Amino acid sequence: MPRRAAARDPFYLAVFAEELVRAPAKRAAIERLCTRCHAPAGSEELAIEGQHLGFDDLTAGSSPAAILGRGGVTCSLCHQIDPANLGDERSFSGNFTVGYQRTIYRPYRDPTSDPMQLIVNFRPTFGAHMTSAELCATCHTVIVPGPYGDVVEQGTYLEWRASAFAADRTCQSCHVPTVDEAGRGITTPVAGFPAGLRPRSPVGRHTFVGANAYMLELMADAIDWVGAGIPAAELHSAARSLSHLAGAATLAVERIAGDAFTVRVDNLTGHKLPTGYPSRRMWLHVEVDVAGSTIFESGRVDDVGRLVDSAGQVLPLQPHRDEISAADEVQVWEARLVDGAGEPTHRAMDARRYGKDDRILPAGFAPSAIDRARIEPIAVIADSSFVGGSDTVTFRVPGLATGAIVRAALMYQTLAPETVDAIAATPTPAGVRFVELARAKKQAPIAIVRATATL
Ligand code: HEC
Ligand code: HEC
Ligand code: HEC
Ligand code: HEC
């Protein structure tokens, strides 16, 4: 997602508006929290004056802070984050500090500083922290104060530091790659002005790609409403750049004894799969064909994107599964928040805990004691094949014949259609707008990776 869209994301604004309506007494605290990472430049502008950016100002205001805020995660905000508290618990949940010496941090030791200093009065300065995961940790560790205590709404950085990747692969190595699409190292001047700047290497492409193409497409369809000066073509092309996803996982199908086969998913990312906002979900769509006709299917969706059985009946929430033997059983990897009454909720500020978190662990998963309590899997009972780096699901299909063809796909969805319905239940203007956009654009799940095998 181009970081510039972070404050205009219609899903974000819908949930933000809902949190405000649900807890009007906490308005200022919620506004402070929800603008800190999504509209950080506007948030910072007012924070230094002891004020904060409000929802109405963010969405419709014309103050300098509102305009900065709508710019999302801006270039200068990210490049001005100070190294002082990075890596510290206190830097999480948007508590990055911004220096006011007009310093722009960059990953090079010998910046050419005259042009920036003369033209925009910023001093380019070497900052080793620009290439550290702790920079990203500030916004990618989202701990929300709920009515029952802290809830780790997003633990992407904590997941990463518990993984084998913490040893040698930063977030940047995958999300700000220093190689081009063909895998060649990039060497280029980093600015076109003034002419004759010496070429640099490495140079990181600011792709920041995740699987959330759906929201980009929604925004491209409502470009006037989105504003923020992002052309629709840019959003469409960003949504199409999903080649990165192929690197997220691999699938392997293998016949085992009896009428059974296994599908193994290996997580190749540096965090849980899926990670990030807890509305994300992933499941296996598996079809078995014998002599040209389909004898078994699990993980089908209807035309709205809801999981259904073979008769088209919408399925209830699925527990974690190690074995599947019927069309109304699906393995869905997801993190589901529940409220004080144990009911599912999509709002972190209402949540007590996770009722389920069986997102596939990153390789080498070994959290420290303090992180174990925050990111350990939940409700993954007696599944010895759920291990660091992978999960294997066994399918038992009566009548499975040699020569049967198994087609498996790992499917991803930004949010379940049921979550759109849940948002519709509290009709705020931003919520109504989001629900309209989401219902007008059916969410086709994305196949992250596919595999076909003849048994
Ligand atoms: C979320 C944080 C983030 C945002 C937003 C961001 N950058 Fe960067 N930028 C980085 C990181 C991290 C690196 C270092 C990448 C590496 O070398 O591994 C970098 C490196 C660079 C470099 C190369 C090194 C240098 O300083 O000359 C340039 C140029 C640059 N960014 C410009 C931009 C511009 C222009 C924008 C806005 C369009 C932008 N950045 C937005 C994080 C960010
Ligand atoms: C100032 C806060 C901030 C910092 C620092 C930051 N991010 Fe983010 N990032 C965000 C927000 C907010 C979003 C969600 C955008 C939205 O809702 O549209 C996001 C989204 C993303 C996504 C998902 C994009 C998608 O299409 O799903 C990736 C990947 C990502 N960030 C990587 C990084 C990396 C890597 C770093 C460190 C170099 C970093 N971010 C630093 C705030 C930040
Ligand atoms: C080994 C490569 C790798 C590393 C290291 C890595 N990521 Fe990712 N990340 C990926 C891939 C591939 C995806 C796409 C799959 C997806 O969206 O779930 C992804 C997805 C994401 C998303 C979007 C999740 C979603 O579905 O909304 C965010 C946010 C993100 N990464 C942030 C980070 C941060 C922060 C770090 C470091 C703490 C990091 N990543 C480290 C490969 C990596
Ligand atoms: C500490 C930083 C931080 C804070 C504070 C924060 N967010 Fe986010 N939010 C993020 C990041 C990072 C992502 C992107 C994760 C991903 O792509 O999976 C995100 C994503 C989202 C999304 C999903 C957007 C999409 O396109 O799928 C919603 C909705 C959202 N945030 C709502 C809120 C609300 C409401 C608040 C206030 C209660 C809030 N956020 C506070 C960092 C933050």
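Predicted model only: the values in this text are computed from it and were never measured. The numbering scheme is per chain: residues are counted from 1 as the chain's sequence reads. Throughout, the order in which chains and ligands are written sets their labels, letters from A for the former and numbers from 1 for the latter. Per-residue local features of the predicted model are confined to residues with pLDDT of at least 70, and side-chain atom pairs are confined, for both listing and counting, to 80 or more; whole-chain, interface and lining totals are unaffected and use all residues. Neither water nor hydrogens contribute to the side-chain values; these are computed over all heavy atoms in the structure.

Draft legend 1. Spatial organisation of the site of ligand 1. We call a residue near a molecule or strand as soon as one heavy atom of that residue lies within 4 Å of the molecule or strand. Lining the immediate surroundings of ligand 1 are 16 residues, of which Cys75, Cys78, His79, Arg106 and His206 lie closest. Sort the elements by how many residues they give to the shell around ligand 1 and helix H6 (residues 75–80) lands first, with 3 residues. Counting from the N terminus, the helices are DSSP H or I runs at least four residues long and the strands are E runs at least two residues long.

Draft legend 2. Quick peek at the packing of helix H1 (residues 10–22) against helix H16 (residues 429–440). Running from N to C, H1 and H16 point in directions that differ by 145°, and their axes come no closer than 8 Å. Once H1 is placed against H16, the crossing between them reads as left-handed. Contacts between H1 and H16 involve Pro10, Phe11, Leu13, Ala14 and Ala17 from the first element and Ala430, Gly431, Phe434 and Leu437 from the second. Axis lines are fitted through C-alpha atoms, for helices just across the contact stretch, and the angle between N-to-C directions can take any value from 0 to 180 degrees. Each crossing gets its handedness from the near helix: less than a right angle anticlockwise from the far helix is left-handed, clockwise is right-handed. When checking whether two residues touch, look at their non-hydrogen atoms; a contact exists if any pair is within 4.5 Å.

Draft legend 3. Structural view of the packing of aromatic side chains. Centre distance within 6.5 Å is the pairing criterion for rings of Phe, Tyr and Trp, where only the six-membered ring of Trp is used; planes under 30 degrees apart are then read as stacked, over 60 as edge-to-face, and the remainder as tilted. Tallying each qualifying case throughout the model produces 8 aromatic pairs. Both rings, one in Phe11 and one in Phe434, keep their centres 5.2 Å apart while their planes meet at 10°; by these two values the pair is stacked. Residue Phe11 is located in helix H1, and its partner Phe434 is located in helix H16; the two are separated by 423 residues in the primary sequence. The same class applies to Phe11 as to Phe434, namely buried. For every residue, the accessible area obtained with a 1.4 Å probe (protein chains only) is divided by the maximum for its type, and the residue is called buried under 20%, exposed over 50%, and partly exposed between those limits.

Draft legend 4. Representation of the environment of His236. In this structure, His236 sits in helix H13 (residues 232–240). On the accessibility criterion, His236 (25% relative accessible area) is partly exposed. Every residue in contact with His236, bar those within four places of it in the chain, is listed here: Glu217, Ala220 and Asp221.

Draft legend 5. Structural context of H1. Here the expected length of a helix is defined as 1.5 Å per residue gap, with one fewer gap than residues. Its 13 residues place the ends of H1 18 Å apart at the C-alpha level, agreeing with the 18 Å of an ideal helix rising 1.5 Å per residue. Burial analysis of H1 places 11 of its 13 residues in the buried class, which makes it a mostly covered element. Among all positions in H1, only Pro10, Phe11, Tyr12, Leu13, Ala14, Val15, Phe16, Ala17, Glu18, Glu19 and Leu20 are buried. Of the surrounding secondary structure, the elements contacted by the buried residues of H1 are helix H2 (27–36), helix H4 (55–60), helix H11 (213–221), helix H12 (223–226), helix H15 (417–424) and H16. Identification of polar contacts relies on pairs of N or O atoms within 3.5 Å, with a donor-acceptor requirement for protein atoms, meaning one able to donate a hydrogen and the other able to accept it, and with residues adjacent in sequence counted only if both atoms are side-chain atoms. For H1, the side-chain oxygen to backbone nitrogen distance between the N-cap and Phe11 is 2.9 Å, and the N-cap itself is Asp9.

Draft legend 6. Focus on the domain arrangement of the protein. Domain start and stop points were drawn from an automatic or database domain assignment. According to the domain assignment, the protein contains domain 1 (3–240) and domain 2 (248–415 + 443–454). With centres defined by C-alpha atoms, the gap from domain 1 to domain 2 works out at 30 Å. Listed by partner, the interface residues are 35 residues for domain 1 and 37 residues for domain 2. Put simply, buried area is the surface a 1.4 Å probe can reach on two separate parts but cannot reach once they are joined, added for both. Counting the surface lost from both domain 1 and domain 2, the interface buries some 3100 Å², and carbon and sulfur atoms represent 61% of this. Contact with domain 2 buries area across many residues of domain 1, yet Tyr148, Glu153 and Glu159 alone supply 20% of it, more than any other trio. Salt bridge, as used here: a side-chain nitrogen of Lys or Arg that lies within 4 Å of a carboxyl oxygen of Asp or Glu. Where domain 1 meets domain 2, there are 5 salt bridges.

Draft legend 7. The arrangement of unusual backbone geometry in detail. For the bond running from Leu273 to Pro274, omega is -10°, close enough to zero to count as cis. Among the secondary structure elements, Pro274 is positioned in the loop between strand S6 (260–267) and strand S7 (281–290). A positive phi angle is found at Ala379, which is not glycine, with a value near 65°. When you line up the elements, Ala379 lands in the loop between helix H14 (369–375) and strand S14 (390–396). According to the relative accessible area criterion, Ala379 is partly exposed, its value standing at 36%.

Draft legend 8. How the structure looks around the nonpolar core. Put simply, a nonpolar core is a bunch of buried Ala, Val, Leu, Ile, Met, Phe, Trp, Tyr and Cys residues held in one set by side-chain atoms that sit within 4.5 Å of each other. Membership of the largest hydrophobic core comes to 57 residues, with the highest contact counts inside it found for Leu251, Phe261, Val263, Leu284, Phe395, Leu410 and Phe434. Ranked by the residues each element gives to this core, the list is headed by H11, at 7 residues. Residues within four places of Leu410 in sequence aside, it is in contact with Ala249, Leu251, Val265, Met282, Trp283, Leu284, Trp333, Ile446, Ala447, Ile448 and Val449. Ala7, Leu20, Ala23 and Tyr354 belong to the second largest nonpolar core, which has 25 residues in total.

Draft legend 9. How the structure looks around the pairing of S7. The element S7 is extensively covered by neighbouring structure, given that 9 of its 10 residues are classed as buried. Two elements, S7 and strand S15 (residues 405–413), share 9 bridges in a ladder whose sense is antiparallel. Bridge pairing in S15 links His285 to Ala409. Between any two strands, at least two bridges found by DSSP are needed for them to pair. Pairing of S7 with strand S8 (residues 293–298), which is carried by 5 bridges, proceeds in the antiparallel orientation. Looking at the pairing, Glu287 lines up with Glu297 of S8.

Draft legend 10. Here's a closer look at the side chain of Thr275. Of note, Thr275 is situated in the loop between S6 and S7. In this structure the side chain of Thr275 is engaged in a polar contact, spanning 2.7 Å, whose partner is the side chain of Thr156. Within the local environment of Thr275, its side chain forms a polar contact with the side chain of Glu159, the two groups lying 2.8 Å apart. Here Thr275 is in contact with Thr156, Glu159, Arg280 and Arg359, once residues within four sequence places are set aside.

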